[in-house]
Structures are given as C-alpha cells and as structure tokens.
Amino acid sequence: MIGFAFVVSCFILVTNASILTDGSLLPLDQPLIRNLTWKDVNFLHTTDTHGWYSGHLNQKQYSANWGDFVSFAAHMRQIAHGQGQDLLLVDSGDRHDGNGLSDITTPNGLKSTPIFIKQSYDILTIGNHELYLLENSVMEYETVVRHFQDKYVCSNVEFKLDNGTFVPFGSKYRYFETPVQRKRVLAFGFLFDFKRFNSGTKVTPIAEEMAKKWFAETLRRYQGLVDLIIIAGHTPIAHDWPEFYALHGHLRRYYPDTIIQYFGGHSHIRDFTVFDDKATGIQSGRYCETVGWVSIDMEEQKQQELSVKERFSRSYIDFNLDSFHKHTNTSASTFDTPSGKQVTELIVKTRKELKLNKLIGTVNTNYYVDYVPEDHPKSIFNLLCNKVLPTLPGSGERLIVINTGSIRYDLYKGPYTVDSMYIVCPFENRWVNLTVPKSVASKVAQKLNDASYIATTSRLKPPQQYLNKFLVSKSVSDHGFSQTPFSLGDNLGQRLSKGYVTHDDFGSGGDDTLHRAVVNFKVPNVVQSVQFEDEVDSNVDLVFYEFITPNILWALKELDYKLDNVVPDVYSNIYLGALLNEKIKHSSL
Ligand SMILES: *[C@@H]1O[C@H](CO)[C@@H](O)[C@H](O)[C@H]1NC(C)=O
Ligand SMILES: *[C@@H]1O[C@H](CO)[C@@H](O)[C@H](O)[C@H]1NC(C)=O
Ligand SMILES: *[C@@H]1O[C@H](CO)[C@@H](O)[C@H](O)[C@H]1NC(C)=O
Ligand SMILES: *[C@@H]1O[C@H](CO)[C@@H](O)[C@H](O)[C@H]1NC(C)=O
Ligand SMILES: [Zn+2]
Ligand SMILES: [Zn+2]
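Residues numbered from 1 in each chain as written. Chains lettered and ligands numbered in written order. Predicted model: local features only at pLDDT ≥ 70, side-chain atom pairs only at ≥ 80, totals over all residues. Heavy atoms only, no water.

With an unreviewed UniProt entry as reference, the protein is termed Putative 5'-nucleotidase C-terminal domain-containing protein, source organism Lodderomyces beijingensis.

Set out below in structure tokens:
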C-alpha cells in the first residue's frame, strides 16, 4: 500500500508540463535534462556496475560505455578546476556478475577489470561480488588494489597472503587533501555484514570493526584536522538498513560537527538520505544506468548555519551521451578525450575477442522483470512459462517451477547475442524432479508465494525486489493504474522516455533526466509452467532447480504430502539460458 500512496503523490508533483520540480521553467524545445548544482567539492559516484562497461546496447537511455564515462569524468574535473572547485570520483563495489563482458571469462572479470580500472577514481572499495570466489578476490587484490594503491579503501575486509597473514584490500583508511580547495579528507570503506566470503578473505561486521582500537586511534589522531569525512561503502544507505546509521552515531562522538558524505551500494537503487544537518548518503543505482552526483558547500563561516538542502545537492545522471554532453557543455565532436577513446577501443576489441557480439537471434519487443505484472504479455516470466519452459526436454505431464531470481535483467528488443544470455539468464542451475499427484504439484507455487513465506526467505527473488519501498502490487494496477501512473500534459508526456523517477529524502527532483515513471511490480518468489493434459489427478513430474529443493520440500510438507525420504532425481542439465537461446534462435519473440 505504500506503493499506492507514492503513486498518487507523484501525480501531484508533475501536473504542470512546463514546470520542473525544482520550480524552474523548461522551454519545450530543450532536452529535458536538469542542470547539476556545483559547489566546493563535487562527486561522481558509481556502484554495482557488474561489468556493464559496454553500455546497454539495446537501451538507448543507458547506452554510454565506460570510455564515454572516462571522457565525461575528465571534462567534469576540468570544469570543477576551472571554477576553483574539486571533483572526486568514488566507486562502491560489485564489479562483476551481470554481463557477458565480465562473466564469459574464467576467472570472471578477467577482461572487464582492466577496463574498469581505466577510470581515475579517487576512492573505491569492495563489494560482496568480489568475495564469493577466491579467484575473484585474488584478481581484485592483484589488479584493482595494485592499480589504485591507497585509493582503494577497505576498513573491514581483509585478504589472506600466501604466508597466512591477513592484510586490508588497499588501505584501511585514506587521509588526503583535495587538489583545489585543499580540503582535508578522511575516508573509510565499509562492506555490509556479508557472511559468504571465501576462505582467502575475511569480513568483519561494521559494528565489530568500529569497536577496534585502530579505528578509535585513527579517529582521535585526526581530530581537528578533518574538513570532510567520506564513507565509501558497499552498504545500503536506506534508513531501514541500520549499519551506516550505527557507524554514523559512532563517528559523531569524535566529530560532532564535521561534514560527512556516505556513498552506498548493494541494493541496486537510486537513493539519497539525510543522516543529519551535516551528513547525507547517496546510492547510485546499478549496471551503469546511473552516475550519482553530490556537491557540498564546505563553507563554515556563514552568519547562519546552512540547512542540509543548502549545503548538499544531489542528482542521478542517466548513463547516456545526451546527459554527458549536456553536463559538460560538449557535443559529439568535442566530447571524446584521447583516453576515453582508447577505453572505447579496448571495449570493442575485447568484445570481439570474446565473441560477445555473435548473433543468436532477434527479439521483437521488450520483456520485463518487474515493470509489468508477471502475467502480462510483456512479462519475461510469462514468456518463460508459456514459450520457453515447455521446450525443456522430457516427456509426460509436468509442472515446472522457477524462482524469479533466476532472471537477472529485462530482455530488450533488438539483436540477441552471446552477451544477452549473460545479462538475462546466466545461472547454471540444473533441474531435478519429484513425481507427485497433480493436485499437490499445482499448489506448490502458491505456497511458496504466500506473503508470510516471502517475508522469511531471501534469494528467491531478484535483488532489487528486496529493498524497494515503492513496489506496487498487482491488485493496485488492476484498480485503474496503468504503467504510467500519471498523465503528463500532452506534449511533454510524449517526449519523456520511461525511466527512474526517484523519491528520496530531498524530494523527487534528483533524476537529471525527466522521465515517465516506471512502476516496479512486486514479483512472486516463484512462477510455474503448467504442462498438464487433463484434469485427472494422476501423478506428474514436479520439476525445479536443484538449489530450491529445500523450499520445495518445505512447501510439500506444508501441503501434508508425505515424501518418505525420497530425494529428487536429476531431470536435465540443460540450463534455462540455453533454452532461451534456442527459442530465440528458432522463432521470433
Ligand atoms: C542551466 O545551465 C545553463 C548553462 O550554464 C544555463 O544557461 C541555464 O540557464 C541553466 N538552466 C537553469 C534552469 O538553471
Ligand atoms: C607475510 O608476508 C608479508 C608480505 O611479504 C610480510 O609483511 C609478513 O610479515 C609475513 N608474515 C609472516 C607471518 O611471515
Ligand atoms: C558552451 O560551449 C559553447 C561553445 O563551445 C560556448 O559558446 C558557451 O559559452 C558554453 N556555455 C557554457 C555555459 O559554458
Ligand atoms: C523423476 O521423473 C521420472 C520420470 O517421470 C520418474 O521415473 C522418477 O521417479 C522421478 N523422480 C522422483 C524422485 O520422483
Ligand atoms: Zn550489486
Ligand atoms: Zn552487492
């Protein structure tokens, strides 16, 4: 129901087609991109890039690549310096798992990491995706840490050297002066309380790390010598995620009055939160869809204390050339820098080498994870259940259950290549089966989608579904809300592309580009493909991914179905991604 209230409120916010939410007038022949606000110290922030350095090839809105981002940052730095201001770049981790460029190689990230490090970050830190596999952690240490040295800041995650000694990834903190304004910065990097790190690494929960002696000593040593504290973390900044707020309380005991800026990540959303009058946090989305922007007025001597909205400004920049050109006052002919161009060339060369552009087929329309309800013709789950899962080899009547988290991203209209499978459906899950009566099989999905079960399980749904406060349930949409929840005045509404309309602690004017809001529908834990021939309650095969076996067994038990210690048989080793490839190769979807 929160979603409902939110939808109604954005109706009110955008009623007059010619007025931006910041009150400025928008001439109708201008691109619909809001200006950034520059202040003493300005930041560009990325997080959860997950290997999307080629850009979104089938989505114009996010089609800039990492080379363009390198050019963009160079121009932005130049503009800042020309105005006597600073520009700092921050990244909050999770740099693989999400895209063919990173995931087609072994180890994963082998070819994408050298592309990532071409951006000139001032502070960066680690994400949980750098810590699942030892080979990824070794690569992180040997490539990214080695390249950035003490700019890689990691306060609560360590790496085990060959001789068994644990050392920080990079440095535990960084103390430096900004190049232009000479502001003294103390920076830390904190990963959320992540438990599934590999044995060559160690994550200490933030609460435990901040109680350690080194932290108290460091905070004490710089008292009186710090203008700005930066926390780069792979940790959500949302108010209902307590870790940064506990850290903040602790920091305020040593630095009651110092400006603090948090840079968060992990939950894959755009967000901005106010910690107190002198501290805010930004989170800059996911998958190279967003460059986050924060600017801070460092002034201490004003007659009156600045309000938090006067001191801080934030924007979410769409990752495309229209935005990049606009904010740098450049055009296609003046935008590319030599190093940006080199990075673009490296991406082209790498994609070729990895054969990522190899065409499998063409997709004729968009299929969404959660922009439509799961039974909508444009739902990717609808597509899978009706057209793809029936192609899983096997015979007889059956019901196939998949968890919605097995789909990673929307499937967009356009060329479908080797890369696309990694984007949409990369997981290598094999299938298992149990033979049960039809009447039992057909109730399993419903059990797993009970509201109470959804609340207690994680991992079955896509990650962006867990911390999104603004999910809309299908019943709301059935009561008259279409996918665009408000009708903008004729002219303007038509010109806007669908995209983020972010609601954060500063309001709803943060997205640099005006969008028609997309609605994110709640997706269930699982969806099912029912392949029955009649109504007779005969035995059928209940087919599912091996890794959701505990969930399926739980549901059967709840349904009072006795299994007598039967274990599922292996049903097929043909992954869902392979089925999707075959389907797209042989038919037009
Ligand atoms: C945006 O910036 C441009 C260039 O600095 C300026 O000419 C224009 O007036 C600004 N628009 C608004 C609404 O502030
Ligand atoms: C392990 O190696 C590191 C780096 O060479 C060194 O600093 C450390 O003292 C060594 N530790 C032990 C226990 O040998
Ligand atoms: C943008 O660039 C053009 C041409 O390069 C220049 O004439 C103009 O003054 C610039 N505008 C701003 C706001 O810097
Ligand atoms: C799996 O399906 C096969 C074929 O229908 C069936 O013979 C077998 O008993 C099933 N496995 C289990 C554990 O029920
Ligand atoms: Zn992530
Ligand atoms: Zn993460």
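## With respect to the coordination of the zinc ion (ligand 5)
Coordination of the zinc ion (ligand 5) by the protein is provided by Asp 48 (OD), His 50 (NE2), Asp 94 (OD) and His 268 (NE2), with metal-donor distances spanning 2.0 to 2.2 Å. Here the zinc ion (ligand 5) binds four donor atoms, and the angle range of 87 to 170 degrees at the metal identifies the geometry as irregular. Mapped onto the sequence, the residues coordinating the zinc ion (ligand 5) show the spacing D-x1-H-x43-D-x173-H. Taken as a pair, the zinc ion (ligand 5) and the zinc ion (ligand 6) show a spacing of 3.4 Å, with Asp 94 coordinating each metal. With Asp 94 in the loop between β2 (86-91) and α3 (100-103) and His 268 in the loop between β10 (259-264) and β11 (270-276), this residue pair connects regions lying 174 residues apart in the sequence. With respect to class, Asp 94 is no different from His 268; both count as buried. (Donors = N, O, S within 2.8 Å, 3.2 Å for Na, K, Ca; no water. Tetrahedral: all angles 85-135°; square planar, octahedral: opposite > 155°, others 65-115°. Helix = DSSP H or I, 4+ residues; strand = E, 2+ residues; numbered from the N terminus. Buried < 20%, exposed > 50% of the residue type's maximum accessible area, 1.4 Å probe, protein only.)

## Regarding the pattern of salt bridges
Under the criterion given, the structure shown has 27 salt bridges. The salt bridge partner of Arg 77 is Asp 122, with a shortest N-O separation of 3.3 Å. Of this pair, Arg 77 sits in helix α2 (residues 66-82) while Asp 122 sits in the loop between α4 (113-116) and β3 (123-124), and the two are 45 residues apart along the sequence. Arg 270 is the salt-bridge partner of Asp 511, the closest N and O atoms lying 2.7 Å from each other. Linking Asp 511 in the loop between β19 (497-499) and β20 (515-517) with Arg 270 in strand β11, this pair joins segments that are 241 residues apart in sequence. According to the relative accessible area criterion, Asp 511 is buried, its value standing at 1%. Judged by relative accessible area, Arg 270 falls into the buried class, the value being 5%. Taken together, the shared-partner salt bridges in this structure form one network comprising Asp 257, Lys 278, Glu 300, Glu 305 and Arg 311. (Salt bridge = Lys/Arg side-chain N within 4 Å of Asp/Glu carboxyl O.)

## Some details on the side chain of Ser 92
Within the fold, Ser 92 resides in the loop between β2 and α3. Assessed through its relative accessible area of 0%, Ser 92 is described here as buried. Among the polar contacts made by the side chain of Ser 92, one reaches the side chain of His 45 at a distance of 2.8 Å. What Ser 92 contacts, discounting residues up to four positions off in sequence, is His 45, Thr 46, Thr 47, Thr 125, Ile 126, Gly 233, His 234, Phe 263 and Gly 264. (Polar contact = N/O pair within 3.5 Å; in protein donor to acceptor, adjacent residues only side chain to side chain. Contact = heavy atoms within 4.5 Å.)

## Remarks on the coordination of the zinc ion (ligand 6)
With distances of 2.1 to 2.2 Å, the protein atoms coordinating the zinc ion (ligand 6) are Asp 94 (OD), Asn 128 (OD1), His 234 (NE2) and His 266 (ND1). Seen from the zinc ion (ligand 6), its four donor atoms lie at angles of 86 to 158 degrees, and the figure they make is irregular. Sequence spacing of the donor residues for the zinc ion (ligand 6), all on one chain, is D-x33-N-x105-H-x31-H. Relative accessible area serves as the criterion here: at 1%, Asp 94 is assigned to the buried category. Under the relative-accessibility criterion, Asn 128 is labelled buried at 2%.

## Digging into the nonpolar core
In terms of nonpolar packing, the biggest core is built from 107 residues, with Leu 44, Trp 66, Trp 431, Leu 542 and Leu 576 touching the most fellow members. Ranked by residue count, the leading element in this core is α2, at seven residues. Two domains share this core, each providing at least three of its residues, namely domain 2 (31-353) and domain 3 (360-466 + 524-586). When sequence neighbours within four positions are dropped, the list of residues in contact with Leu 576 reads Leu 384, Val 388, Leu 389, Ile 402, Ser 406, Ile 407, Cys 425, Trp 431 and Tyr 545. (Core = buried A, V, L, I, M, F, W, Y, C linked by side-chain atoms within 4.5 Å. Domains from an automatic or database assignment.)

## Section: the sheet that holds strand β5 (residues 166-168)
One open sheet accounts for three strands, arranged β5-β4-β8; its pairing is antiparallel. Of all the strands in the sheet, just β5 and β8 (201-203) have a single pairing partner and so form its edges. With direction set aside, neighbouring strand axes in the sheet form an average angle of 30 degrees. Sheet topology note: the strand β4 (residues 157-160)/β5 ladder contains three bridges and is antiparallel. Bridging across to β5, Glu 158 finds its partner in Pro 168. Against the sheet, helix α5 (residues 134-148) makes contact with β4, β5 and β8, and its axis sits at roughly 95 degrees relative to β4, the strand it touches most. (Pairing = 2+ DSSP bridges. Axes fitted to C-alpha atoms, helices over the stretch in contact; angles between N-to-C directions.)

## Re helix α7 (residues 213-221)
All of the buried residues in α7 are Trp 214, Phe 215, Ala 216, Thr 218 and Leu 219. Where α7 is buried, its residues contact β6 (173-177), β7 (184-191), α6 (206-209) and α8 (243-254).

## A few points about the environment of Trp 241
Following the sequence through the fold, Trp 241 ends up in the loop between β9 (228-234) and α8. The class for Trp 241 is buried, based on a relative accessible area of 19%. Between the alpha carbons of Trp 241 and Phe 192 there is a distance of 9.6 Å; along the sequence they are 49 residues apart. Side chain to side chain, Trp 241 and Glu 243 meet in a polar contact 2.9 Å long.

## Some points on the environment of Leu 131
Tracing the backbone shows Leu 131 in the loop between β3 and α5. Overall, Leu 131 belongs to the buried group, its relative accessible area being 0%. Spatially, the C-alpha atoms of Leu 131 and Val 157 are 9.5 Å apart, while their sequence positions differ by 26 residues. Discounting residues that sit within four places of it in the chain, Leu 131 has contacts with Ile 126, Ser 137, Val 157, Phe 169, Leu 191, Phe 194, Arg 196, Phe 197, Asn 198, Thr 201 and Val 203.

## Here we look at the packing of aromatic side chains
Two aromatic rings, taken as a pair, are described by how far apart their centres are and by the angle between their planes. The full count for this structure, using the stated rule, is 42 aromatic pairs. By way of ring pairs, the aromatic residues Tyr 53, Trp 66, Phe 69, Phe 72, Phe 116, Tyr 121, Phe 148, Phe 319, Phe 324 and Phe 335 are connected into one cluster. Stacked on the ring of Phe 166, the Lys or Arg Lys 202 has its end atom at 4.5 Å from the ring centre. Looking at Arg 314, its charged tip hangs above the ring of Phe 272, at a distance of 5.9 Å from the centre. (Phe/Tyr/Trp six-rings, centres within 6.5 Å; stacked < 30°, edge-to-face > 60°. Lys NZ or Arg CZ within 6 Å of the ring centre and 35° of its normal.)

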